[in-house]
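Fold and contact review
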Amino acid sequence: SRVIVGVRHPVHWFESLYNYRIWQKHEKKRFKQKPTLRYLHNNRTDWLGLSTGAARFDLYLKQLGKVPLSTDELQHMTRVNKVDGIMQSTTHHGQYPLKVFLYSMEQIK
């Protein structure tokens, strides 16, 4: 079988998830102070599964092994964690055997 991957612009994806998390807090009557973008970027933790690093789709796509990576990029992939956008235990350095079709949501509008 083949793999189809659709992506949104990282800023639009982040904005949408941030707004959704704020709405969830409002609906559940949890009026804790919402974090600022600066907090989400500078603090090395996430908030309800949201961090600026989570929008780093390139880290996930690099794991498919469809493009050549420099030594620095490979080393970075082994160092980053969930908040940076990837789990260390899922880092894959080999070539993914299946064909991958990648499209951006902007292409289908």
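You'll find the structure just up there.
Residues numbered from 1 in each chain as written. Predicted model: local features only at pLDDT ≥ 70, side-chain atom pairs only at ≥ 80, totals over all residues. Heavy atoms only, no water.

**Notes on the pattern of salt bridges**
- A complete count under the given rule lists two salt bridges for this structure.
- Ionic pairing is found between K62 and D58, a salt bridge with its closest N-O pair at 3.7 Å. Of this pair, K62 and D58 both sit in helix α3 (residues 57-62), four residues apart, which is roughly one turn of that helix.
- Overall, K62 belongs to the buried group, its relative accessible area being 16%.
- On the accessibility criterion, D58 (29% relative accessible area) is partly exposed.
- Its salt-bridge partner being E73, residue K62 comes within 3.4 Å of it at the nearest N-O pair. Taken together, the positions of K62 in helix α3 and E73 in helix α4 (residues 71-79) put the pair 11 residues apart, joining distant regions of the chain. (Salt bridge = Lys/Arg side-chain N within 4 Å of Asp/Glu carboxyl O. Helix = DSSP H or I, 4+ residues; strand = E, 2+ residues; numbered from the N terminus. Buried < 20%, exposed > 50% of the residue type's maximum accessible area, 1.4 Å probe, protein only.)

**Section: the packing of aromatic side chains**
- Inspection of the entire model under this criterion finds four aromatic pairs.
- With centroids separated by 5.5 Å and ring planes inclined at 80°, the aromatic side chains of W13 and F57 adopt a geometry described as edge-to-face. Of the two residues, W13 is situated in helix α1 (residues 10-27) and F57 in helix α3; the sequence distance between them amounts to 44 residues.
- For the pair Y20 and W23, a centre-to-centre distance of 5.9 Å together with 25° between the ring planes defines the contact as stacked. Pair noted here: Y20 and W23 are both in helix α1, with a separation of three residues, about one helical turn. (Phe/Tyr/Trp six-rings, centres within 6.5 Å; stacked < 30°, edge-to-face > 60°.)

**Describing the side chain of R21**
- Inspection of the secondary structure assignment puts R21 in helix α1.
- For R21, a relative accessible area of 18% gives the class buried.
- A polar side-chain atom of R21 sits 3.0 Å from a polar atom in the side chain of Q24.
- R21 has contacts with W47 and L48, leaving out every residue within four places of it along the chain. (Polar contact = N/O pair within 3.5 Å; in protein donor to acceptor, adjacent residues only side chain to side chain. Contact = heavy atoms within 4.5 Å.)

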